[in-house]
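Examination of the molecular architecture
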Amino acid sequence: MEVYLYIALFAPLVGSLFAALFGATPKTYITGIVTSGLLFTSFVSSAILLSYVMSGHTVHVELMTWMATGDLYIPFGFVVDQVSVTMMMVVTIVSTVVHVYSIGYMDHDKGFNRFFSYLSAFVFSMMVLVMSDNFAGLFIGWEGVGLCSWLLIGFWYHKESATWAANEAFIMNRIADLAMLIGIFMMYWNLGSLQYDVVFANIGNLPMHIITWIGIFLFIGAMGKSAQFPLHTWLADAMEGPTPVSALIHAATMVTAGVYLVIRANPIYDLIPEVGYFIASLGAFVAMFAATMALVNRDMKRIIAYSTLSQLGYMFVAAGLGAYWVALFHLMAHAFFKALLFLGAGNVMHAMSDELDPVKMGGLYKAMKGTAILMILASVALAGIWPLAGFFSKDKILEVAFSSEHYILWGTLWITAGLTAFYSFRLIMLAFFGEERYKNFGFHPHEAYPYMLIAMSPLAVLAVIAGWFEHDFIRLVTTLLPGYEFHTHHVEAILIAVTSLIALTGIISAILMYKKGPLDTKWENNICYKILINQYFIPKIYDEVFSKPYLKLSKLAWKEIDLKIVDATVDGIANMIYQTGEKTHTMQNGNLSSMLRWMVIGLVVLLVLAVAFTAGYNAVNLQAM
Amino acid sequence: MEITLTHYLVLSTLLFAIGLIGVMRRKNLLMLFFATEILLNSVNIGMAAISHYRGDYTGQMFAFFIIAIAASEVAVGLGLLIVWYKRTGKIDLDQMTSMRG
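Residues numbered from 1 in each chain as written. Chains lettered and ligands numbered in written order. Predicted model: local features only at pLDDT ≥ 70, side-chain atom pairs only at ≥ 80, totals over all residues.

Some remarks on the overall build of chain A
What chain A contains, in helices and strands, is 24 helices and 2 strands. Reported as C-alpha extents along the three principal axes, the dimensions of chain A are approximately 105 × 60 × 50 Å. Here chain A, with 625 residues, has 50% of them falling under the buried criterion. A separation of at least 24 residues holds for 82% of the contacts in chain A among residues at least 6 apart in sequence. (Helix = DSSP H or I, 4+ residues; strand = E, 2+ residues; numbered from the N terminus. Buried ≥ 20, exposed ≤ 12 C-beta atoms within 10 Å, placed from the backbone. Contact = placed C-beta atoms within 7 Å.)

As structure tokens, then:
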């Protein structure tokens, strides 16, 4: 079984290196095909591992020693257990689909080969992240996906907005990663190991406040990667990258790494329910907060990005309340339908020559039936309508909130479920139905290549059926994760009915409101609209509070400190030496007798110094005696 | 009057001073060699005297080394001096300015 583990892990790396060989040459389909093929191999290996794990085994290997100094011993160890194999399946399925899709999507791009190299490198990093058996390896994968995310957001580096967004994402993640690193250091400092099994076995022996701090620091790391408030602004801006990147990295895999961390560290969070409650509250807040921003946005990809943010909030609610398997379940289901939604948005974007404003579309259904159907399917799944995947997973999260008697959280999530349904169908209605407004703007939409639609179909199938395997899933993951006791059997049917009702209400009201196209523009003078379209003014506040003062500070440091102190000192030393040389070079007049005189003077000076020092030294020593 | 270590050291110092003044004031290259010899020999006297005073023969051994090295140095130096004289017809120190910086 170990060989499958290595294949699953290293196939993406091989693909990435292979594509990198063609980095500087013109586009060749080989790179796309080989990387997709290797990803598929990785997927098959993961599937074999899944069946092996389902039979009750786990695979644990140590590839080699990574660091060994003194008491520090960190191996390159990998583990395939119930949780990591789930993540591996999600990552490899979505990335295989996205790779095949990208062959069509990036068809006309000059950076075709480079794109595949980055994308496969990302998958490799993600695999390291989920498969590592210690926190150090997880951190390496964590940084690896951050780097690949930076490379891919800024893929079109000639666009200033893209490089800006890439840097924003990278810097925000860096802030969070620092906290995570502190958490890892604290763990090592107190426990002397970073292996999951050792840490989790001994964490209970530590004093309470240390566990709390470790939990908080790790969660700050998760907040950055999963774009939770207040580090959320980068995710919407990350939509500058190519759409397959948004689908793979900023919807299905990388942003869920934070949730994965909390799930993986469940023995830590089980000990500190207060931190867990904070996580859940923040998650519920973000779910609502992001959903409201999605209501009014006029950028297709940003709407979906906010939706991702909101769904990540849902996952954190479940994870924070101790229902780790529910969080993992929603993570999986969400990966499928959200990636599908993004890929559909990519098709629309291509059809509309990179126009993203759904208000300028309308009636695209006739031109692109396949994409429309897939996107509607994904939206229904996202809204949580029976029997699609979102229904099962999202409903469980609401049930968890209700069962643990956090009714405020439940209420927030319940309203958010309605908002989710509403904004999803607002997008669908604006883009695919109603008057064909795109004709006024001179667009000629066309359907994507058939193989792109075929590549998307596995995701569509999974978005439909993923929820049906709930019981198998529970059986699989609860061997590793703690189970969750629901106390809501008596009201379960009512809860499901209420949730489905608000989702349906959201869908129907969206359909009715946007049946005839976009709303009147007089809406846009409304104060609520202004707050929402400006993302609660948070980017502006960050700009005013952090960016601008920092710029001022930097300028001050440059002009006052760097130029006047640092540079001046260095220049001063150089000048002094130069001046001394200038003034003393007359000594070197070539006259031997004057040289001899200088020699004698030097000798005398040295003698005097020697005598003086000896006398001084003796005086001090004698005093000491 | 007995001749003590002090007498030897005073002699050595006087000779050193004479040599030093010679090195500084003389312009004739040959005279410079003489002055150098006086300097070296003043050191030799000091070494031999202290060596005797302390009953340690290391100093006298050094004096012998210095005599040998001084002899070879003078041999080389005089050779160079003769070559220089043949080329320029002078042995005046102030005229050797080819090392001007």
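Some details on the overall build of chain B
Regarding its fold elements, chain B presents 3 helices and 0 strands. When the helices and strands of chain B are placed in sequence order, the string is α-α-α. Against the 2.2 N^0.38 benchmark of 13 Å for 101 residues, chain B shows a C-alpha radius of gyration of 17 Å, more extended than a compact globule. The principal-axis extents of the C-alpha atoms in chain B amount to approximately 50 × 30 × 25 Å. Across the 101 residues of chain B, 11% fall into the buried class. (Rg over C-alpha atoms; globule rule 2.2 N^0.38 Å.)

What to know about the interface of chain A and chain B
Taken together, the contacts link 10 residues of chain A with 12 residues of chain B. By residue class, the composition of the side of chain A that touches chain B is 3 nonpolar, 6 polar and 1 charged. (Nonpolar A, V, L, I, M, F, W, Y, C, P; charged D, E, K, R; others polar.)

Looking at helix 4 (residues 112-131) of chain A
With 20 residues, helix 4 of chain A extends 29 Å between its outermost C-alpha atoms, agreeing within 8% with the 28 Å of an ideal straight helix rising 1.5 Å per residue. Most of helix 4 of chain A sits out of view: 20 of its 20 residues are buried. (Expected span 1.5 Å × (residues − 1).)

Focus: the environment of B:Gly22
Residues and elements named next belong to chain B. Tracing the chain through its elements places Gly 22 in helix 1 (residues 5-25). Residue classification places Gly 22 among the partly exposed residues on the basis of 18 C-beta atoms within 10 Å. Remark: the alpha-carbon pair of Gly 22 and Ile 38, spanning 16 residues in sequence, is separated by 9.1 Å. The residues contacting Gly 22, other than those within four sequence positions of it, are Met 31, Phe 34, Ala 35 and Ile 38.

Examining the environment of A:Arg174
Residues and elements named next belong to chain A. Structurally, Arg 174 is set in helix 6 (residues 160-191). A tally of 12 C-beta atoms within 10 Å means that Arg 174 is categorised as exposed. Between the alpha carbons of Arg 174 and Gly 224 there is a distance of 8.1 Å; along the sequence they are 50 residues apart.

A short note on the confidence of the model for chain B
Here chain B shows a mean pLDDT of 89. Residues at 70 or above account for 97%. On the interface metric, ipTM, the complex scores 0.78, and its pTM is 0.78. (pLDDT = per-residue confidence, 0-100.)

What to know about the nonpolar core
Ranked by size, the top nonpolar core spans 206 residues in total, and within it A:Ala339, A:Leu340 and A:Ala463 carry the most contacts. Per element, the largest residue contribution to this core is 20 residues, and it comes from helix 15 (residues 324-351) of chain A. (Core = buried A, V, L, I, M, F, W, Y, C linked by C-beta atoms within 7 Å.)

Here we look at helix 3 (residues 82-105) of chain A
If you check helix 3 of chain A, its first and last C-alpha atoms are 34 Å apart, about what 24 residues at 1.5 Å a residue would give, namely 34 Å. Along helix 3 of chain A, 22 of the 24 residues are buried, which leaves the element largely enclosed by surrounding structure.

Topic: the pairing of strand 2 (residues 72-80) of chain A
It is a general feature of regular strands that their side chains alternate between the two faces of the sheet. Residues and elements named next belong to chain A. Here strand 1 (residues 59-69) runs beside strand 2; their pairing, made up of 9 bridges, is antiparallel. Among the inter-strand pairings, Glu 62 is bridged to a residue of strand 2, identified as Gly 77. Turn length for the strand 1-strand 2 hairpin, with the two strands adjacent in sequence and antiparallel, is 2 residues, and the turn residue Gly 70 shows positive phi of about 60°. (Pairing = 2+ DSSP bridges.)

Quick word on the packing of helix 17 (residues 389-403) of chain A against helix 18 (residues 407-432) of chain A
Residues and elements named next belong to chain A. Two elements in contact, helix 17 and helix 18, have axes whose closest approach is 8 Å; the angle formed by their N-to-C orientations is 155°. Between helix 17 and helix 18, the interaxial angle falls into the category roughly antiparallel. Relative to helix 18, helix 17 is oriented so that their crossing is left-handed. Listed contacts from helix 18 to Lys 394, Ile 397, Leu 398, Ala 401 and Phe 402 of helix 17 are Leu 409, Trp 410, Leu 413, Trp 414 and Ala 417. A breakdown of the residues in the contact of helix 17 with helix 18 according to their chemical character gives 9 nonpolar, no polar and 1 charged. (Axes fitted to C-alpha atoms, helices over the stretch in contact; angles between N-to-C directions. Parallel < 35°, antiparallel > 145°, perpendicular 65-115°, else oblique. Left-handed = near helix turned anticlockwise from the far one by under 90°.)

Structural notes on unusual backbone geometry
All names here are of chain A. Of note, the amide linkage connecting Phe 229 to Pro 230 takes the cis form, showing an omega dihedral of 5°. Assignment of secondary structure puts Pro 230 in the loop between helix 8 (208-225) and helix 9 (233-237). A cis amide bond links Trp 386 with the next residue in sequence, Pro 387, at an omega value of 5°. Relative to the assigned elements, Pro 387 resides in the loop between helix 16 (369-383) and helix 17. Although it is not a glycine, Glu 405 adopts a positive phi angle of roughly 65°.

Remarks on the environment of A:Tyr6
Considering the arrangement of structural elements, one finds A:Tyr6 in helix 1 (residues 2-21). For the pair A:Tyr6 and A:Ile527, spaced 521 residues apart in the sequence, the C-alpha separation amounts to 56 Å.

What to know about the packing of helix 3 of chain A against helix 19 (residues 450-465) of chain A
Residues and elements named next belong to chain A. At a closest axis distance of 8 Å, the pairing of helix 3 and helix 19 adopts a crossing angle of 165°. In terms of their interaxial angle, helix 3 and helix 19 are classed as roughly antiparallel. Seen from above, helix 3 lies across helix 19 with left-handed handedness. Packed against helix 3, whose contacting residues are Ile 93, Val 97, Val 100, Tyr 101, Gly 104 and Tyr 105, the element helix 19 presents Tyr 451, Met 452, Ala 455, Met 456, Pro 458 and Leu 459 at the interface. Per-class residue counts for the contact of helix 3 with helix 19 are 11 nonpolar, 1 polar and no charged.

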